[in-house]
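Read off the chains here:
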Amino acid sequence: MAGNWKMYKTPDETRDFFEEFRPLVAETEGRDIVICPPFVNLPAATASARGTGIHIGAQNLHWAKEGAFTGEISGPMIRATGATHVIIGHSERRQYFGETDEGVLKKTIAALEAGLTPIVCVGERLEHREAGLMETVLCEQCAQGILGLDPQQFAHLVIAYEPVWAIGTGRTATPEIAAEAHGVIRREVRARYGPDAGARVRILYGGSVTPQNVQALMAEKDIDGVLVGGKSLDPASFGAIVNF
Ligand code: PEP
């Protein structure tokens, strides 16, 4: 159950969130929880989550370990804050910051080398879906951005299916639509890495997940978890999603 805070909250607001959120998940069992705040909040988040089992992740990284890349943050820097995960290839990064599948693969390898668990996002845009190209786009994104990893690297990856038309729009994919896309991704993984990897890989659904729709989504056998944007900002709503 992963939360993506996007560009919201300050360090003080991060600490306030955890004050409220921690008790809500203190008894939660059998759920892995990851919260991904903006970079500047990683130290506050890791300090607030210490001893709780809640994991902290970043929302992006640069593929180099260090260098003359003004304004960028590397995997080792993220890891040094105590964060353990990183979102890669979010559709907002692809759409507004020109991220490509090639860059996604480089960043994924960099994350793994830094000891971070990458949560790699794929998903079609509305015009792709309307043109019947959902499967083509997902296969292409997987082939270029994920399936170039060697099997050992792949074993540490989490995939998030995030149809672009469902992100931040209030328009959730129906459980059937999401499950169909997850089935396509799992099939591609199986074809490349074998049946065990296909069964084991975690595929999260993201796109307007709420406390009201999480149960129906999670009832689909191919949906292993959710990546939540807007509704992860409020402790009560994210707590309700985690404990659905
Ligand atoms: C996201 O940011 O990954 C996301 C799915 O956002 P939202 O839940 O707000 O649609």
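A brief report on the enclosed structure follows.

Here is what the cut-offs are and how they apply
- Residues numbered from 1 in each chain as written.
- Predicted model: local features only at pLDDT ≥ 70, side-chain atom pairs only at ≥ 80, totals over all residues.
- Heavy atoms only, no water.
- Helix = DSSP H or I, 4+ residues; strand = E, 2+ residues; numbered from the N terminus.
- Contact = heavy atoms within 4.5 Å.
- Near = heavy atom within 4 Å.
- Polar contact = N/O pair within 3.5 Å; in protein donor to acceptor, adjacent residues only side chain to side chain.
- Areas by Shrake-Rupley, 256 points an atom, 1.4 Å probe, with all protein chains shown as cover.
- Nonpolar A, V, L, I, M, F, W, Y, C, P; charged D, E, K, R; others polar.
- Pairing = 2+ DSSP bridges.
- Right-handed = clockwise from strand over helix to strand, strands pointing away.
- Axes fitted to C-alpha atoms, helices over the stretch in contact; angles between N-to-C directions.
- Phe/Tyr/Trp six-rings, centres within 6.5 Å; stacked < 30°, edge-to-face > 60°.
- Buried < 20%, exposed > 50% of the residue type's maximum accessible area, 1.4 Å probe, protein only.
- Lys NZ or Arg CZ within 6 Å of the ring centre and 35° of its normal.

1. Brief notes about the side chain of Ser-91
Here comes step 1: Inspection of the secondary structure puts Ser-91 in helix H4 (residues 91-97).
Here comes step 2: When residues no more than four places from it in sequence are discounted, the contact partners of Ser-91 are Val-164 and Ile-167.

2. Things to note about the site of the ligand
Here comes step 1: In the neighbourhood of the ligand, 14 residues make up the surrounding shell, with Lys-6, Glu-162, Gly-168, Ser-208 and Gly-229 lying closest.
Here comes step 2: Within the contact set of the ligand, an oxygen atom lies 2.8 Å away from a side-chain nitrogen or oxygen of Lys-6.
Here comes step 3: Glu-162 has a polar side-chain atom sitting 2.8 Å from an oxygen atom of the ligand.
Here comes step 4: Relative to its free-state accessible area of 290 Å², the ligand is covered by the protein chains to the extent of 96%.
Here comes step 5: Split into classes, the residues belonging to the shell around the ligand amount to four nonpolar, eight polar and two charged.

3. A few points about the pairing of strand E3 (residues 55-58)
Here comes step 1: Bridge count for strand E2 (residues 34-36) against E3 is two bridges, and the pairing is parallel. If you follow Ile-35 over to E3, its bridge partner there is Ile-56.
Here comes step 2: A crossover links E2 with its parallel partner E3, the connecting element being helix H2 (residues 42-49), and its sense is right-handed.
Here comes step 3: Where the polypeptide runs from E3 across helix H3 (residues 75-80) and back to strand E4 (residues 85-88), its parallel neighbour, the crossover connection is right-handed.

4. Brief notes about the sheet that holds strand E6 (residues 158-161)
Here comes step 1: With respect to topology, eight strands assemble into a closed barrel ordered E1-E2-E3-E4-E5-E6-E7-E8, the strand pairing being parallel. Geometrically, the sheet is characterised by an average inter-axis angle of 25° between neighbouring strands, direction not taken into account.
Here comes step 2: Looking at chain direction, E6 and strand E7 (residues 202-206) are connected through four bridges and run parallel. Paired with Ile-159 across the two strands is Ile-203, which belongs to E7.

5. Digging into the packing of aromatic side chains
Here comes step 1: Counted under the stated rule, the structure contains seven aromatic pairs.
Here comes step 2: Here the aromatic rings of Phe-21 and Phe-238 are separated by 5.5 Å at their centres, their planes lie at 20°, and the arrangement is stacked. Remark: Phe-238 occurs in helix H12 (residues 235-242) and Phe-21 occurs in helix H1 (residues 11-24); sequence separation between them is 217 residues.
Here comes step 3: Residue classification places Phe-21 among the buried positions, given a relative accessible area of 0%.
Here comes step 4: Looking at Phe-238, the relative accessible area reads 0%, which means it is buried.
Here comes step 5: Ring geometry for Phe-154 against Tyr-193: centres 4.2 Å apart, planes inclined by 15°, an arrangement best described as stacked. Taken together, the positions of Phe-154 in helix H8 (residues 151-154) and Tyr-193 in helix H9 (residues 175-193) put the pair 39 residues apart, joining distant regions of the chain.
Here comes step 6: Among the aromatic residues, those joined into a cluster by ring pairs are Trp-5, Phe-17, Phe-18, Phe-21 and Phe-238.
Here comes step 7: For Lys-9, the ring lying beneath its charged end belongs to Trp-5, and the centroid distance is 5.3 Å.

6. Structural notes on H12
Here comes step 1: Burial runs high along H12: six of the eight residues are buried.
Here comes step 2: Taken together, the buried positions of H12 are Pro-235, Ser-237, Phe-238, Gly-239, Ile-241 and Val-242.
Here comes step 3: Buried residues along H12 sit against strand E1 (2-4), H1, E2, helix H11 (214-218) and strand E8 (225-228).

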